[in-house]
Every structure is written in C-alpha cells, then in structure tokens.
Amino acid sequence: MRINVGALSEVATLQTHRLRLEPQSTVHFHGVWSMLHNEEGRRLTGTHTTFTEEQTRLHLEKLPLRHDRADWAIISTADEAYLGEVVLNDLDADNESMNLRIALGGNFGRGYGTEAVRAAVAYGFDQVRLHRIGLEVFAFNRRAQRVYEKCGFTREGVARDALVWNSERLDAVQMSILATDPRPVE
Ligand SMILES: CC(C)(COP(=O)(O)OP(=O)(O)OC[C@H]1O[C@@H](n2cnc3c(N)ncnc32)[C@H](O)[C@@H]1OP(=O)(O)O)[C@@H](O)C(=O)NCCC(=O)NCCS
C-alpha cells in the first residue's frame, strides 16, 4: 500500500500562520458542542441529526483511537480560542483517497477556513500520501466553494437534489484535488 496509515494513527499537530491544528479530543468538547448548536452552521453543512451530549463525548473519546481519519481542532494561536474543526475522513486506502470537511463555529470570512484547508490538504498529500481528496458542498454555499477553489479544488459535477432542507430540495457540488494538481498558496 502506497499510503502512510501511520500519519492517521498518530495525527500530527500542524502550525500555520495564525492557527494550530491539533488532534481533536474530549478537551475540545465545549467548542464542538457549541458549534453543533449553531443554526447557520447546521444549514451550511446540511446537518439533520441532533447529537446528545453523551454521543458527542463518546465520539470525541474515540477519535484518538481511530487509525483511518484525521480530526483536527482549529485553535487561534493569538488567544487559544477554539474556532472549529477540519477533518480528513472516509479513507479509501485501495484508491488512496479521502474526504475533507471543515466547519468553523463563527469568525467567518477572516481567512481561517482557507488557512486550515490548505494545511489539511498538505498533510493528506505530503504525510498520508493520498492521491485524491474529495468533498461535497451544497450549491448555495458559495463561500465554502470559493475557499475550496482557492486551495486548488476543481469542481467535478453536481449531485442533484442531494439535500432536503426546510422541505426544499437542493443540489450539492462535488469537488476534488489530486496530488498532481497545483496547490495555490495565495
Ligand atoms: C466554509 C468556511 C470553512 C470558510 O472559512 P472562512 O474562514 O469563512 O473563509 P475564508 O475567509 O478563508 O474565505 C472566504 C472566501 O469566500 C469569499 N466569499 C464569502 N462569501 C461569498 C459568497 N457569498 N460568494 C462567493 N464568495 C464568497 C470571500 O470573499 C473569500 O474569498 P477571497 O479571499 O477570494 O475574498 C466557513 O465559512 C465555515 O465554517 N462555514 C460554515 C460551515 C461550512 O459551510 N462548511 C463547509 C461545508 S462543505
């Protein structure tokens, strides 16, 4: 197998210009819990499920034991605030591919999302040695699409009526970046 699973069993802490991406665990419970209750965030990520406190704690407890994903808490180095999470999941080792998702709890439009996605993508390609990172983003979520494009993702197609939200059917856009694609830094 070409990929380096070790980089998923021992997920490294990543440092960027303004952020620290540290392996997410129970110490981040309060940040995760408040993010899960952000109505705008739930709409933008199409989250229908309501997680209980127990389910959330259990999920966080199990993360350090997983060897098939990387979940980072996004921390502002200026004030140590929890900003959100960025995740590489859905490992398909045979095809050297994973999925990426990101959610901030607020502080939108300050460049934090772009900074975190670039760091997670770099880790996926340079440390895990993936060939492909894919994702799905709702068609109405133009800000997220812009961020992914800035990080080098290409739009592949549209999954029609992928989401039902408030009785409305909405499309999702499929995007990906390959290890061989350019990774713009600006
Ligand atoms: C998506 C998300 C991670 C982006 O992070 P962010 O820190 O807010 O985004 P950034 O500040 O890095 O970049 C935003 C970019 O989108 C652009 N933008 C903002 N609103 C836009 C809109 N309505 N249409 C097009 N572009 C838009 C900004 O101008 C900026 O691009 P620029 O640098 O070229 O000017 C963050 O907003 C978030 O967590 N949202 C809620 C959850 C979510 O949507 N997750 C993604 C699910 S797929």
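Note that the structure is a prediction, hence the values are computed from the model and not measured. (Residues numbered from 1 in each chain as written. Predicted model: local features only at pLDDT ≥ 70, side-chain atom pairs only at ≥ 80, totals over all residues. Heavy atoms only, no water.)

We now examine the sheet that holds strand S5 (residues 97-104). One open sheet accounts for eight strands, arranged S1-S2-S3-S4-S5-S6-S8-S7; its pairing is mixed. The open sheet terminates on both sides in strands that have one partner only, identified here as strand S1 (14-15) and strand S7 (154-165). Pairing of strand S2 (residues 19-23) with strand S3 (residues 70-76), which is carried by five bridges, proceeds in the antiparallel orientation. The residue bridging Pro-23 from the neighbouring strand is Trp-72, located in S3. Sheet strands in contact with helix H2 (residues 29-36) are strand S4 (82-92) and S5, and its direction is about 85° off that of S4. Seen against the sheet, helix H6 (residues 142-150) touches S5, strand S6 (132-138), S7 and strand S8 (168-178) and runs at an angle of roughly 160° to S6. (Pairing = 2+ DSSP bridges. Helix = DSSP H or I, 4+ residues; strand = E, 2+ residues; numbered from the N terminus. Contact = heavy atoms within 4.5 Å. Axes fitted to C-alpha atoms, helices over the stretch in contact; angles between N-to-C directions.)

Turning to the site of the ligand, a few remarks are in order. In the neighbourhood of the ligand, 22 residues make up the surrounding shell, with Leu-104, Gly-111, Thr-114, Asn-141 and Lys-150 lying closest. Between an oxygen atom of the ligand and a side-chain N or O atom of Arg-143, the distance comes to 2.9 Å. Contact distances for the ligand include 2.8 Å between an oxygen atom and a side-chain N or O atom of Arg-146. Relative to its free-state accessible area of 960 Å², the ligand is covered by the protein chains to the extent of 73%. For the shell around the ligand, the secondary-structure elements that each account for two or more residues are helix H3 (39-45), S5, helix H5 (112-127), S6 and H6. Take the shell around the ligand: its biggest share by element is seven residues, from H6. Among the residues making up the shell around the ligand, the classes are represented as ten nonpolar, six polar and six charged. (Near = heavy atom within 4 Å. Polar contact = N/O pair within 3.5 Å; in protein donor to acceptor, adjacent residues only side chain to side chain. Areas by Shrake-Rupley, 256 points an atom, 1.4 Å probe, with all protein chains shown as cover. Nonpolar A, V, L, I, M, F, W, Y, C, P; charged D, E, K, R; others polar.)

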